[in-house]
Amino acid sequence: MQRNYAYYKKAFDGIPKPFGFVDLDLLDHNIARITARAGSKNIRIATKSVRSTPLIKRILHSSPVFCGLMCFSPQEAIYLLKQGMDDIVMGYPVWEPGALSGLAELIRHGKSVTLMVDSIAHIEHIEGIAKRYGVRFPVCLDMDMSMDMPGLHFGVWRSPIRTVEDARPVVARILSSGGVTMDGVMGYEAQIAGVGDHAPGMAAKNALVRTLKRRSVKLIAEKRAELVAMIEDALGSPLRFVNGGGTGSLRTTTQEEAVTEVTVGSGFFSPGLFDHYKDFRYQPAAGFAVEIVRKPAEHLYTCLGGGYAASGPAGKDKLPKPYLPQGAALLSLEGAGEVQTPVLYKGEEQLDLGDPVFFRHAKAGELCERFTHLYGVSQGQVVDQISTYRGDGQCFL
């Protein structure tokens, strides 16, 4: 399903730039590959990597393997529940009392929302809201899956629960509470799911990352299995779910017997940062186009806008990638700018003023913060205008 410059230029002819787009054929291809890679596990959609209600629904309805959503903002969860979606796990703890009250009201009316916790303080805070609304909040215990070595913290700083012994007092507090119920366990192995290991020109670093990943996979599986066994023994019954992984760790996380579901988000759009994984490669299904408005020198084309950098530590990898025409590149001294983005191109395509240059965002859902809608293209034609959260008048994270 290779796309070239002429394909998209023709499909989007006459559409004012800049614009965002999603290639629905490539999206469906990615969905099919992800469901196949999940094997016997369910998949929970990471909504932050999509940020479009119609597209979230499209993915949810594509296969029974999709079991629900993982949200990162309580306001987003409330919004999606009111749009008819259900079975939401909060990816991070919720503290703000107004947000907890809104979730409690929806739980009272039969909606399924699971709160993330990693401390007794979280439990005690939640209990007050639960009592006020006459509900019990289902909770998920978040365990840190990073790996510590001398001089290196391989992973991200998430939960303070790093061992099963750290978890015991929190689990005991949950089981003795009248305001919460133990629903599930989560562990996100960011050092596997979110770290590329096949970057061009970085053979030594790639080899080191792969070695660390292999060591980490074994430790993660042991830690997660031990935690689940401890909790289910204390609970006297199976947990409703055991969640793990991300797009970059599907192969390894799905091999764990204790895991019942994996979280996937970025793989649906397959943004720039996901080009450099040895285990997989999905199709670039989403991007944006900016317009050439100047030709300041031979082979140089200055586009209007385009400076849509991604979150995380600042670096070249967080800049949008010129995608088509193939061979186009940013200038190291300018990058992608707020009002102008010069592009160097020496290829065979004849580029003129008014022509588009197509880019891919470094991350997935952050693209949707820049546009009120994405143009959906299929079989070489624009077939839909798909609203983003911004287009729905929503702004969460």
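Residues numbered from 1 in each chain as written. Predicted model: local features only at pLDDT ≥ 70, side-chain atom pairs only at ≥ 80, totals over all residues. Heavy atoms only, no water.

- The name an unreviewed UniProt entry gives the protein chain is Amino acid deaminase/aldolase, with Paenibacillus chibensis as the organism.

**Focus: the pattern of salt bridges**
And then number 1: Inspection of every chain in the model, using the stated rule, returns 21 salt bridges.
And then number 2: Of the charged contacts, one joins K9 and D355 as a salt bridge, the two residues approaching to 3.4 Å between their closest N and O atoms. Within this pair, whereas K9 is found in helix α1 (residues 5-11), its partner D355 is found in the loop between β16 (340-344) and β17 (356-360), the two being separated by 346 residues in sequence.
And then number 3: A relative accessible area of 32% places K9 in the partly exposed class.
And then number 4: When its relative accessible area of 10% is taken as the criterion, D355 is described as buried.
And then number 5: One salt bridge in this structure joins E222 and K218, with 2.7 Å as the shortest N-O distance. Linking E222 with K218, this pair stays in helix α9 (residues 203-235), spanning 4 residues, or about one helical turn.
And then number 6: For K218, a relative accessible area of 56% puts it in the exposed group.
And then number 7: In the salt-bridge network here, residues are joined through shared partners; they are R44, D87, D183, R240 and E261. (Salt bridge = Lys/Arg side-chain N within 4 Å of Asp/Glu carboxyl O. Helix = DSSP H or I, 4+ residues; strand = E, 2+ residues; numbered from the N terminus. Buried < 20%, exposed > 50% of the residue type's maximum accessible area, 1.4 Å probe, protein only.)

**Regarding the packing of helix α5 (residues 97-108) against helix α6 (residues 120-133)**
And then number 1: At a closest axis distance of 10 Å, the pairing of α5 and α6 adopts a crossing angle of 45°. When the axes of α5 and α6 are compared, the pair comes out oblique. Here the hand of the crossing between α5 and α6 comes out right-handed. Counting all contacts with α5, which are made through P97, L100, S101, A104, E105 and R108, the residues of α6 involved are H125, I129, R132 and Y133.
And then number 2: Along the lines of polarity and charge, the residues of the contact of α5 with α6 split into 5 nonpolar, 2 polar and 3 charged. (Axes fitted to C-alpha atoms, helices over the stretch in contact; angles between N-to-C directions. Parallel < 35°, antiparallel > 145°, perpendicular 65-115°, else oblique. Left-handed = near helix turned anticlockwise from the far one by under 90°. Contact = heavy atoms within 4.5 Å. Nonpolar A, V, L, I, M, F, W, Y, C, P; charged D, E, K, R; others polar.)

**Notes on the nonpolar core**
And then number 1: Among the nonpolar cores identified, the biggest contains 105 residues, and F137, F268 and F358 are the most heavily contacted of them.
And then number 2: When sequence neighbours within four positions are dropped, the list of residues in contact with F137 reads L100, L103, A104, I107, L115, I126, I129, A130, G179, V180 and T181.
And then number 3: Core analysis: the next-biggest nonpolar cluster, separate from the first, contains 8 residues, M70, V89, M116 and F241 among them. (Core = buried A, V, L, I, M, F, W, Y, C linked by side-chain atoms within 4.5 Å.)

**Brief notes about the packing of aromatic side chains**
And then number 1: For the structure shown, the criterion picks out 19 aromatic pairs.
And then number 2: Here F72 and Y92 contribute two aromatic rings whose centre-to-centre distance is 5.9 Å and whose plane-to-plane angle is 55°, an arrangement assigned as tilted. You can see F72 sitting in the loop between β3 (66-71) and α4 (74-82) and its partner Y92 sitting in the loop between β4 (88-90) and α5, a full 20 residues away along the chain.
And then number 3: Judged by its relative accessible area of 16%, F72 falls in the buried class. (Phe/Tyr/Trp six-rings, centres within 6.5 Å; stacked < 30°, edge-to-face > 60°.)

**Let's talk about the environment of F268**
And then number 1: Examined against the element boundaries, F268 turns out to sit in helix α11 (residues 266-269).
And then number 2: When its relative accessible area of 0% is taken as the criterion, F268 is described as buried.
And then number 3: Along the backbone, F268 and I45 are 223 residues apart, and their C-alpha atoms lie at a distance of 9.5 Å.
And then number 4: What F268 contacts, discounting residues up to four positions off in sequence, is L27, N30, I31, I34, I45, V50, I59, F66 and A285.

**So, the pairing of β17**
And then number 1: The buried fraction of β17 amounts to 5 of the 5 residues, a majority that puts the element mostly inside the structure.
And then number 2: Across the two faces of β17 the burial is the same, with P356, F358 and R360 and V357 and F359 all buried.
And then number 3: As paired strands, strand β12 (residues 286-297) and β17 are joined by 4 bridges and run antiparallel to one another. Residue pairing in the sheet places V290 in a bridge with V357 of β17.
And then number 4: Note: strand β14 (residues 321-324) against β17, 3 bridges, orientation antiparallel. Each residue of the ladder has a partner; that of P322, found in β17, is F359. (Pairing = 2+ DSSP bridges.)

**Here we look at unusual backbone geometry**
And then number 1: Residue P18 follows K17 across a cis peptide bond; omega there is 5°.
And then number 2: At the junction of L324 and P325, the peptide bond is cis and its omega measures out at 5° in the coordinates.
And then number 3: With respect to the secondary-structure elements, P325 resides in the loop between β14 and β15 (329-330).
And then number 4: Although it is not a glycine, S270 adopts a positive phi angle of roughly 55°.

**Focus on the pairing of strand β6 (residues 137-142)**
And then number 1: Taken across its 6 residues, β6 has 6 buried, putting it largely inside the fold.
And then number 2: Residues F137, V139 and L141 of β6 are buried on one face, and the alternating residues P138, C140 and D142, pointing to the opposite face, are buried as well.
And then number 3: Relative to β6, strand β5 (residues 113-117) runs parallel, the two sharing 3 bridges. Looking at β6, one finds that L115 is bridged to V139.
And then number 4: Note on the crossover from β5 through α6 to β6: the handedness is right-handed.
And then number 5: By the bridge criterion, 6 bridges tie β6 to strand β9 (residues 180-187) in an arrangement that is parallel. Among the inter-strand pairings, D142 is bridged to a residue of β9, identified as M186. (Right-handed = clockwise from strand over helix to strand, strands pointing away.)

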